[in-house]
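# Structural characterization, general
Take a look at the letters that make up each chain.
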Amino acid sequence: MWRRYIALLLVLLGLLGCGGRPLAKNTLVFDYAAFGPSALSYEVLGNEWWQWQPQGDGNPDTRYPIKVVVYWDVPLTIVKQSYPVVQEEQQDYRYLERGKALAFLEGAIRDAKDFQAAQGGDLLTLLQATQQQIEASGK
Amino acid sequence: MSDLFSKYAHQKMLDLYQHHEHEVGSELYKEDPQRYAGYQRTNCITYALNCISYGFTRAGDNRAAREVWKNIVSGVNVISYLATEHNWECIYINPDTRNPEDGDQEHPFSWYLVKKYHNYYKLPVSFVAVDYRPTQGEGVTSPTPLNAKDIALLNLIKFGFGISRGGVHTWVFSAGSVYEVHWYGIGDDLYEKSPLVDFAWLSGVIAVPPETAKQLRAAGLTRSFVPSSPV
């Protein structure tokens, strides 16, 4: 049994030590907006304001630099340690497992195709770019 | 019950809007707690909950007056509670569903979702009041036709609770005007009243008590969808 724990420990140490940046091979970090407007993405990402507040600023122009960490082949607890939420530093991460991210994007892209056919704009391109980036990773 | 609620929630809304010498914006307070030690902290959702809980209390529902505060975590949660437990209904608002003034896809996309799924951030939408201020300007190649009818019907609302961008901002509404609190303000900068037609947050929903929804239905406010059988 102890060999299993040591093996797991070595894997985790390897993940944390790779390439100078923690978990660089097992995560991608996006802006919140890479998953489309909040009306579309809030179910998987949470609200588009700081997670430690019940509401946002009263200024409609305020945007929150929230980041989304897409991860794979690594426990969420380790991801959270590498990308911690720190209120004092206004550091707000949302965590999305790769499979869930791709499942969300598949549905979102279907809606975006309908939407763009009627409305125009670049939402579909944005979502497809995010999807391609995630698909190219973690293989 | 609902009429009584609206009467008193409206009363509290005006009272705080006119008399708030004892209050300070919650974020301003954080910057200098000693300076503002004698003040009560407020912000946009606190203002709304002060009005709503007061309305419930004066209408004789003390339990609801307490329960609503448990949903302070977000404006969506507050409306979800009001809709589920007290049959409130939502009106989706959007001044221009095709050409948002700020260029943000949040507004046309939330309209797309309302049309397709009849909800806004998972809140069921009963009515829509849209296209009441079509965007003008050089970048607009295909202006949205003006719809003045539905916005005018919102003057029937004595008290409503509004959210924008899924609850980034919350506010209260009465007779065509938005009443809001700015959490970095104090004195004259703390509260603001503005016509909904000019409200810079653009899309969102206003939740109203069931009696108000009944009036809006009777008056012909556009429905989010037409039910197959009469309601």
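Everything in this summary refers to the structure shown in the same document. (Residues numbered from 1 in each chain as written. Chains lettered and ligands numbered in written order. Predicted model: local features only at pLDDT ≥ 70, side-chain atom pairs only at ≥ 80, totals over all residues. Heavy atoms only, no water.)

## Some details on the sheet that holds strand β2 (residues 67-71) of chain A
All names here are of chain A. The following threshold applies: We treat two strands as partners when DSSP finds at least two bridges between them. Segments assigned H or I by DSSP are reported as helices when at least four residues long, segments assigned E as strands when at least two residues long, and all are numbered from the N terminus. Between N-to-C directions, angles span 0 to 180 degrees; the directions come from axes that are lines fitted to C-alpha atoms, helices contributing only their stretch in contact. Any two residues whose heavy atoms approach within 4.5 Å are treated as being in contact.
The sheet built from 3 strands is open, its strands ordered β1-β2-β3 with mixed pairing. Every other strand in the sheet has two partners, leaving β1 (27-31) and β3 (93-97) as the edge strands with one partner each. Neighbour to neighbour, the strand axes of the sheet diverge by 25° on average, direction disregarded. Across 5 bridges, β2 lies against β3 in parallel orientation. Considered in β3, the bridge of V69 is made with Y95. Across the sheet, helix α4 (residues 98-119) touches β2 and β3, and the angle it forms with β3 is around 90°.

## So, the interface of chain B and chain A
A common way to state how big an interface is: give the accessible area lost once the parts meet. What counts here: Buried area: the accessible surface (1.4 Å probe) lost by two parts on joining, summed over both. Any Lys or Arg side-chain nitrogen found within 4 Å of a carboxyl oxygen on Asp or Glu counts as a salt bridge. Counted as a polar contact is a pair of N or O atoms within 3.5 Å, where, for protein atoms, one must be capable of donating a hydrogen and the other of accepting one, and residues adjacent in sequence contribute only when both atoms are in side chains.
Tallying the contact residues gives 32 residues for chain B and 27 residues for chain A. Buried area between chain B and chain A, summed over both chains or domains, comes out near 2600 Å², and the portion from carbon and sulfur atoms is 53%. For the interface between chain B and chain A, the tally reads 5 salt bridges. A salt bridge links D104 of chain B to R63 of chain A, with the shortest nitrogen-to-oxygen separation between them at 3.3 Å. Connecting chain B to chain A are 19 residue pairs in polar contact (both at pLDDT 80 or more).

## A few points about helix α6 (residues 106-117) of chain B
Residues and elements named next belong to chain B. Note the cut-off: Expected span of a helix, by definition, is 1.5 Å for each gap between consecutive residues, and there is one gap fewer than residues. Three exposure classes are used, based on accessible area relative to the maximum for each residue type with a 1.4 Å probe and protein chains only: buried under 20%, partly exposed in between, and exposed over 50%.
Taking 1.5 Å of rise per residue, 12 residues should cover 16 Å, and α6 covers 16 Å from first to last C-alpha, within 8% of that figure. Most of α6 is tucked away: 9 of the 12 residues are buried. Positive phi shows up at H118, right after α6, with a value of about 55°.

## Regarding helix α5 (residues 123-135) of chain A
All names here are of chain A. To be explicit about the condition: Throughout, the arc means the angular range of directions from the helix axis out to the C-beta atoms.
The end-to-end C-alpha distance of α5, which contains 13 residues, comes to 18 Å, matching closely the 18 Å that a straight helix rising 1.5 Å per residue would cover. When we look at burial in α5, the residues that qualify are L123, L124, L127, T130, Q131 and I134. Down the axis of α5, the buried side of the element spans an arc of 135°, and every buried residue falls inside it. Exposed and oriented more than 90 degrees from the buried face of α5 are T125 and Q132.

## Topic: the layout of surface pockets
Let me state the cut-off plainly: Definitions used throughout: a 1 Å grid over protein atoms alone; a cavity as a set of points that fits a 1.4 Å probe which cannot get out; a pocket as an open set with protein on both sides within 12 Å along at least five of seven lines; a lining residue as one with an atom within 4 Å of a point. Grid points are joined across faces, edges and corners, and a volume is the space filled by probe spheres set on the points. Residues are grouped as follows: Ala, Val, Leu, Ile, Met, Phe, Trp, Tyr, Cys and Pro are nonpolar; Asp, Glu, Lys and Arg are charged; all remaining types, including Gly, are polar.
What the largest pocket holds in volume is close to 350 Å³. Lining the largest pocket are 19 residues, and of these Y32, A33, G36 and E48 of chain A together with R165 of chain B lie nearest its centre. Taken together, the residues that form the lining of the largest pocket break down as 8 nonpolar, 3 polar and 8 charged. Put simply, the second largest pocket is a space of about 300 Å³.

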